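Now for the letters of each chain:
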Amino acid sequence: MSTLTDQLRQTEAHRSIFECAVRRLPLPTCAAFGSADKPQPVSFVATSRVLASNDPEGVRAQFPQSVAASGNAVLAAAGSNLRQAQGKRVAVLFSGGPAAGGHNVVCGLKRVLGNGNTLFGVRAGPKGLLKGTLFEITDANVDFILNTGGFDFLGSDRTKIKSAEQFAQVRETCVRYQLDAIVVVGGDDSNTNAAVLAETLFAGVKADGSGVQVIGVPKTIDGDLQVGDLLSISFGFDTATRIYSEMVGNILQDTSSSLKYWHFVKLMGRSASHVALEVALQTKPAIALISEEIAAKQESLASIVDRVARVIVDRSHRGMNYGVLLAPEGLIEFIPEMNSLIAELNDVLAHHAEEFAAQPEDARAGFVGGKLSAGNAALLASLPAYIVRMLLAERDSHGNLQVSLIPTEQLLIDMARKRVGELDPNVPFAAHNHFLGYEGRCGAPTLFDAAYTYNLGLTAGSLILDGRTGYMATVTGLGSGGKPQAIPLAGLINIERRHGKDEFVIEKALVRMDSPAMQYFIARRDDWAREDLFSSPGPRQFWGPTANQLPLTVALNSGAASLMFRIGD
Ligand code: FBP
């Protein structure tokens, strides 16, 4: 008989009772892959659907081999009788922020490649590809990571592969490990990088003059990698939003129990507000700000604060000195005057990087202020020091402002307090701030994310065995069994002129004002502000009645017949 402490010791190192149980959950597969027990690779055929960017000729000039090979046509699964290539050596890497289900992509890849091919994991993301830190993934690894959250099996980073020297390092890694293919699991920036890699490695890497295939897999909790009905959502979004929704539901329950607090909750999503919208639909708070609407209406910071303060005062007059406000992480960049300030700051910081770095910490704001236009300098000077510090902080390697570090929720509290006092000094306003971000990215994948990612892995592996390069794996028809497809990466690339240079970008899919999900939110939100109509969606379930639920925004926007997803029979 083992003692209690023995039993506890056995739960260490990813062996909690829960983790052991979810590892055994069966994973449904799209019918195209044959039996779920032993999924078989599918081959692909070009469909008549061709993608076009904002500058097809410019893209063709930059991605000549990829475009010539794919014609930018979407691929559909043709059947599961692919004569399986053997001896392929494939590397997989995670890029950018973690998202639940990444491990299942690896599992799907490994299972579909089978024992006749070799799968390597790249440690610590694109940087690992440059350094050549690869290791062989075994069947035992796959059994252990199946249905577990996080990216910790491989690790990730945000290195952008852009210089000639970096491309040479990638080639070296390909030669050293005799790679035939690389799978990049990432968001819009990482898939843009994958498109560039696919073109660069198209030919002439191996001794026989052939190239290395590159396949992307759509990941990001932000949900902003979407391509209409070809890609209704990136993986990780469902898990993250369900975790946030549980927490927000609990906070809402607390507000109406303790009757004295407002909670301002910033939700992750560096640019688009899909996460905030999904959590609002799940929980029905008093206020949810949607960045895209603010940008569309050109609403100023003062006007947003006034809108928020009026809800607080109105609720107070109805006896409710409490409530919840949801704010998307990326809000600050969508407020027109802040957007103009940030754009000018980006230019100033890029052009005066060395001088700026040489300034003592407390002189930096003044130094930058002196280089801004009068309006932006005045705006910067009016902001609290805790916001200015983060606006001046280092950009990530893709040039993005690190919005997760900007305490917008505190700024809104401070400004709302002042405005509420002006509107009605008798209204009490006690507020707490929260940032829900990292809490949700690495949870164990929901059944949706687990099944979706496993099938994305099967699709990516099939594309490799079918000899394809420069595609993003996708699974469509998520409510009706699921179909493996592939989107030509070059067909997603737009060319944008930034700082006098052409930049290749896959556009972030923002919340559309006319989308059914947004329209539903608009129709209901005034009632949610006036009365307590919130609901608590509870924890994500793996076995219960909501286990098979689709994200609500996906169900509404895709016109699904049911709230439940269905992959396989
Ligand atoms: P990806 O787009 O790489 O998936 O990252 C998304 C995200 O979670 C954003 O929501 C957030 O702004 C950012 O990562 C935070 O990045 P970091 O992990 O570098 O702090």
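From a predicted model like this one, the values you see are computed outputs, not experimental measurements.

Asker: How should I be thinking about the overall build of the chain in this particular structure?
Answerer: Looking only at helices and strands, the chain has 24 helices and 16 strands in total. By the compact-globule yardstick of 25 Å for 569 residues, the chain fits well, its C-alpha radius of gyration being 24 Å. Taken over the C-alpha atoms alone, the chain extends approximately 75 × 65 × 55 Å along its principal axes. Here the analysis covers contacts within the chain between residues at least 6 apart in sequence; of these, 77% occur between residues at least 24 apart. Between the centroid of the 52 positive side chains of the chain and the centroid of its 58 negative side chains there is a distance of 3 Å.

Asker: Help me out: how do you make sense of the site of the ligand in this one?
Answerer: If you check the shell around the ligand, you find 14 residues, and the closest are Gly97, Arg158, Asp222, Glu329 and Tyr438. Gly269 is positioned with one of its backbone polar atoms (N or O) 3.2 Å from an oxygen atom of the ligand. Look at the ligand: alone it shows 480 Å² of surface, and the protein chains cover 83% of it. Residues that form the shell around the ligand fall into these classes: three nonpolar, five polar and six charged. Mapping the shell around the ligand onto the domain boundaries places at least three of its residues in each of domain 1 (39-236 + 445-506) and domain 2 (240-437 + 515-540).

Asker: Please explain the packing of helix α15 (residues 336-351) against helix α18 (residues 374-382) as it appears in this structure.
Answerer: Think of two packed helices as two axes; the pair is described by the angle between the axes and how far apart they sit. Here α15 crosses α18 at 105°, and the two axes come no closer than 10 Å. In terms of orientation, α15 lies roughly perpendicular with respect to α18. Side by side, α15 and α18 meet where Glu337, Met338, Ser340, Leu341, Glu344 and Leu345 of the first sit next to Asn376, Leu379 and Leu380 of the second. For the contact of α15 with α18, the residue count by class is five nonpolar, two polar and two charged.

Asker: Even after reading the chapter, I still don't get helix α9 (residues 188-200), so can you show me in this structure?
Answerer: The α-helix advances 3.6 residues per turn, and as a result positions three or four apart in sequence lie on the same side. For α9, which comprises 13 residues, the first-to-last C-alpha distance of 18 Å matches the rise-based estimate of 18 Å (1.5 Å per residue) to within 8%. Here α9 lies mainly inside the structure; 10 of its 13 residues are buried. The complete set of buried residues in α9 reads Asp188, Ser190, Asn191, Thr192, Asn193, Ala194, Ala195, Leu197, Ala198 and Glu199.

Thresholds, definitions, all that
Within each chain, residues carry numbers counting from 1 in the order of the written sequence. For this predicted model, a pLDDT threshold of at least 70 governs which residues receive local features, and a threshold of 80 or more governs which side-chain atom pairs are given and counted, while totals over whole chains, interfaces and linings are taken from all residues. To get the side-chain values, all heavy atoms of the structure are used, and hydrogens and water are removed first. Helix numbering and strand numbering both begin at the N terminus, where a helix is a DSSP run of H or I of at least 4 residues and a strand a DSSP run of E of at least 2. Here the radius of gyration uses the C-alpha set of atoms, whereas the globule reference equals 2.2 Å times the residue count to the power 0.38. The criterion used for residue contact is that any of the two residues' heavy atoms lie within 4.5 Å. Positive residues here are Lys and Arg, negative ones are Asp and Glu, while His and the chain termini are left out of the count. For this purpose, a charge sits on NZ of Lys, CZ of Arg, CG of Asp or CD of Glu. Proximity criterion: a residue is near a molecule or strand once any of its heavy atoms comes within 4 Å of it. Definition of a polar contact: a pair of N or O atoms within 3.5 Å, with one able to donate and the other able to accept a hydrogen when the atoms are protein atoms, and with sequence-neighbouring residues admitted only if both atoms are side-chain atoms. Using the Shrake-Rupley algorithm and a 1.4 Å probe, accessible areas are obtained, with residue cover drawn only from the displayed protein chains. Only Asp, Glu, Lys and Arg are considered charged in this grouping, and only Ala, Val, Leu, Ile, Met, Phe, Trp, Tyr, Cys and Pro are considered nonpolar; every other residue, Gly among them, is considered polar. The domain limits used here are those given by an automatic or database domain assignment. To obtain an axis, a line is fitted to C-alpha atoms, over the contacting stretch when the element is a helix, and the angle between two such axes runs from 0 to 180 degrees between their N-to-C directions. Note on terminology: angles under 35 degrees are roughly parallel, angles over 145 are roughly antiparallel, angles of 65 to 115 are roughly perpendicular, and the others are oblique. Under the convention used throughout, the expected extent of a helix is 1.5 Å for every residue step, that is, one less than its residue count. We call a residue buried when its accessible area falls under 20% of the maximum for its residue type, exposed when it is over 50%, and partly exposed in between, using a 1.4 Å probe and counting protein chains only.

Any functional reading would require information that these geometric values do not contain.
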